[in-house]
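Take a look at the letters that make up each chain.
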Amino acid sequence: MRCLAGGYGSSMSQQQGTRVPGPVGPISHHVATTLRNGGTSVPPAPEWEGGSIITSHDAQLGLWMLYELAYRGFEDVPDDREWDPDLIRLRRELEDRFETELREKAGPLAERVADLDEVGDQVLAMAQHASGVSLSSYLRRDATRAQVIDFLRERSVQQLKESDPQSFLLPRLEGPVKVALAEIQYDEYGAGDPARLHQSMFADALGAAGLDPAYGAYVNDVSAVSLASANVMSLFCLNRRLRGAAVGHFAAFEASSSVPSRRVSAGIARVGLPSAASAYFDEHVEADAVHEQVAARDICGGLVELEPDLHADVLFGAAAALHLDALSAAELMGRWADNALMERGAAS
Amino acid sequence: MKDADVRICPDGPVLVRGATTVVDQDGREHAVTRPVVAVCTCERSGRMPWCDSTHKSIVRPALRSAAP
């Protein structure tokens, strides 16, 4: 039996090695300072300077830090900062801008499926018809070893806490909808076998590719969109009013996983990385072929049956997932094309 | 033991809950290792008998818009 020690409010997280990341701008600097010192001893939050919050590394890193208080916490931050009113106020300001931009930019994707009746069919059709470049096809056929590793690094922020945001959704759902989500979560959490815990399988993949498998190791290195892709799940799953968007996001995410996972696994094998690096993706080919059906039909369909008013938000959540996925693919493909141009320029 | 529960997904796989093995058309047994499995119905999966979502790239107009 373990003995517990420590007083009220003063306990620090025991998570090894996760410390507050270095700030990259005024917002993340403000968040980092407030996390360490509390709200009373720091100046007010900086004014938002405008522009896209989805592509602001500073704002997304700040939001990621604020959300982490609900997950693993930080070694150098007292745990009770999770409910610090100043931090909550700042989080809500950032969340409002994030949600507004997502509704504006991703929302219209839902209009394309207006002719289908069932919300589950609508979400699956949205994922099926998601436009944009196919990152997974490129990874399968053409990517260099360095690009495959770059891809794994970018995905690390969201995959190392895979399924954790959706666990916050469970108490907000009822009856068969709750049962369906719990069934998927059980599978995501290893179906009774710690070796099959998906987030650990991703850590193993990182290690096999020569990357640091530690939680949060790359938050300063990944793009704003990679942070936004992780943050959007917290936005939807930590705010009960957004439960419709949360299930829509989840279903679209699962529905854009099985086929791409097969391609990514083939790409990992093609560039000669060890099989431990592709095992995570192999697992997701079969797992997500199941999950996409259950998530779309039982979770999205079930929730809209119980709460018809949430129909539009379910589609918004799916659109948000697909929009960020497309942005991420375009960003990575663009980065790799630029690198190739630079290498060609240096060689000539 | 509870009987297995089987559900057909339109244009998709068959979801099976509560089974311990699935026997394929050649008589081989495949162990079920997750709470619910998706069994391929399009016969194009690269991981038979399990669904790998290959059905998404197959157009099955007969199921959707059969002429009267």
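Every value quoted in this text rests on a predicted model; they were computed, and no experiment measured them.

Peer 1: I would appreciate a short explanation of the overall build of chain A in the present structure.
Peer 2: When helices and strands are counted, chain A shows 14 helices and zero strands. Helices and strands in chain A line up, N terminus first, as α-α-α-α-α-α-α-α-α-α-α-α-α-α. Taking the principal axes of its C-alpha atoms as reference, chain A extends roughly 60 × 50 × 50 Å. Counting all 348 residues of chain A, 49% fall into the buried class. Taking all contacts inside chain A whose residues are at least 6 apart in sequence as the whole, residues at least 24 apart take part in 82%.

Peer 1: Just checking my understanding: could you explain the nonpolar core for this structure?
Peer 2: A general feature of soluble globular proteins is that nonpolar side chains tend to end up buried together. All names here are of chain A. Grouped together as the largest cluster of nonpolar side chains are 111 residues, with contacts concentrated most on Val123, Ala251, Ile299 and Cys300. The biggest single contributor to this core is helix α13 (residues 275-306), with 14 residues. Dropping the residues within four chain positions of it, Ile299 is found in contact with Val177, Ala180, Leu181, Val247, Phe250, Ala251 and Val294.

Peer 1: Teacher, can you tell me more about the packing of helix α10 (residues 224-238) of chain A against helix α11 (residues 243-255) of chain A here?
Peer 2: Angle between the axes and distance between the axes: these two values describe a pair of packed helices. Residue and element names in this part refer to chain A. The contact between α10 and α11 brings their axes to 7 Å, and the two run at 140 degrees. As the angle between them shows, α10 and α11 are arranged oblique. Along this stretch, α10 crosses α11, giving a crossing that reads as left-handed. Contacts between α10 and α11 involve Val232, Met233, Phe236 and Cys237 from the first element and Ala245, Ala246 and His249 from the second. When its residues are assigned to classes, the contact of α10 with α11 shows six nonpolar, one polar and no charged.

Peer 1: Help me understand the environment of Arg155 of chain A, please; the structure alone is not making it clear to me.
Peer 2: Among the secondary structure elements, Arg155 of chain A is positioned in helix α6 (residues 145-159). On a C-alpha basis, the gap between Arg155 of chain A and Ser328 of chain A in space is 9.8 Å, while along the polypeptide they are 173 residues apart.

Peer 1: Explanation requested: the packing of helix α4 (residues 119-128) of chain A against α11 of chain A in the structure shown.
Peer 2: Residues and elements named next belong to chain A. Where α4 contacts α11, the axes come no closer than 9 Å and their chain directions differ by 50 degrees. Judged by the angle between their axes, α4 and α11 are oblique. Classified by chirality, the crossing of α11 by α4 is right-handed. Facing Val123, Leu124, Met126 and Ala127 of α4, the residues of α11 in contact are Gly248, Ala251, Ala252 and Ala255. Of the residues belonging to the contact of α4 with α11, the class tally is seven nonpolar, one polar and no charged.

Peer 1: Sorry if this is basic, but what is going on with α4 of chain A here?
Peer 2: Since there are 3.6 residues in each turn of an α-helix, residues three or four apart along the chain are aligned in direction. Taken across its ten residues, α4 of chain A has seven buried, putting it largely inside the fold. Within α4 of chain A, burial applies to Val119, Gly120, Gln122, Val123, Leu124, Met126 and Ala127 of chain A.

Peer 1: Quick question: what am I supposed to make of unusual backbone geometry here?
Peer 2: Phi is mostly negative for residues that are not glycine, and the peptide bonds are mostly trans. The omega torsion across Met48 of chain B and Pro49 of chain B is 5 degrees, close enough to zero to call that bond cis. The phi torsion at Ser163 of chain A lies on the positive side, around 75 degrees, for a residue other than glycine. Among the structural elements, Ser163 of chain A can be located in the loop between α6 and α7 (164-167). When the 18 C-beta atoms within 10 Å are taken as the criterion, Ser163 of chain A is described as partly exposed. One non-glycine residue, Ala191 of chain A, lies in the positive phi region at around 50 degrees. Mapping Ala191 of chain A onto the fold places it in the loop between α8 (175-188) and α9 (198-208).

Peer 1: I keep staring at the interface of chain B and chain A and nothing clicks. Help me out?
Peer 2: Note on interface size: it is often stated as the accessible area lost on association of the parts. Counting residues at the interface gives 15 residues for chain B and 16 residues for chain A. If one sorts the elements of the side of chain B that touches chain A by residue count, strand β5 (residues 36-39) of chain B sits on top with three residues. Residues that form the side of chain B that touches chain A fall into these classes: nine nonpolar, two polar and four charged.

Peer 1: Just to check I follow, could you spell out the confidence of the model for chain B for this structure?
Peer 2: Parts of the model with low pLDDT should not have their predicted coordinates read in detail. Residue and element names in this part refer to chain B. With 82% of its residues at a pLDDT of 70 or more, chain B has an overall mean of 82. Averaged pLDDT values for the elements of chain B fall to 44 in helix α1 (residues 61-64) and rise to 93 in strand β4 (residues 29-31). Contacts from residues 61-68, a stretch scored under 50 in pLDDT, to residues over four places away or in other chains number one contact. Here the predicted complex scores 0.90 on pTM and 0.79 on ipTM.

Peer 1: What am I meant to see in the pairing of strand β1 (residues 5-8) of chain B here?
Peer 2: The side chains of a regular strand alternate, residue by residue, between the two faces of the sheet. Residues and elements named next belong to chain B. In this structure, β1 lies alongside strand β2 (residues 14-17), joined through four bridges in antiparallel fashion. Paired with Arg7 across the two strands is Leu15, which belongs to β2. Where β1 folds back on β2, the antiparallel hairpin that results is connected by five residues, among which Asp11 adopts a positive phi of roughly 60 degrees.

Peer 1: What am I meant to see in the sheet that holds β5 of chain B here?
Peer 2: The strands making up a sheet are joined through hydrogen bonds of the backbone, oriented either antiparallel or parallel. Taken in spatial order, the three strands make up an open sheet running β1-β2-β5 (chain B), and their pairing is antiparallel. With partners counted over all chains shown, the strands left at the sheet margins are β1 and β5 of chain B, one partner each. Across this sheet, the average inter-strand angle for adjacent strands is 20 degrees, counted without regard to direction. Seen against the sheet, α13 of chain A touches β2 and β5 of chain B and runs at an angle of roughly 100 degrees to β5 of chain B.

What counts as what
Residues numbered from 1 in each chain as written. Chains lettered and ligands numbered in written order. Predicted model: local features only at pLDDT ≥ 70, side-chain atom pairs only at ≥ 80, totals over all residues. Helix = DSSP H or I, 4+ residues; strand = E, 2+ residues; numbered from the N terminus. Buried ≥ 20, exposed ≤ 12 C-beta atoms within 10 Å, placed from the backbone. Contact = placed C-beta atoms within 7 Å. Core = buried A, V, L, I, M, F, W, Y, C linked by C-beta atoms within 7 Å. Axes fitted to C-alpha atoms, helices over the stretch in contact; angles between N-to-C directions. Parallel < 35°, antiparallel > 145°, perpendicular 65-115°, else oblique. Left-handed = near helix turned anticlockwise from the far one by under 90°. Nonpolar A, V, L, I, M, F, W, Y, C, P; charged D, E, K, R; others polar. pLDDT = per-residue confidence, 0-100. Pairing = 2+ DSSP bridges.

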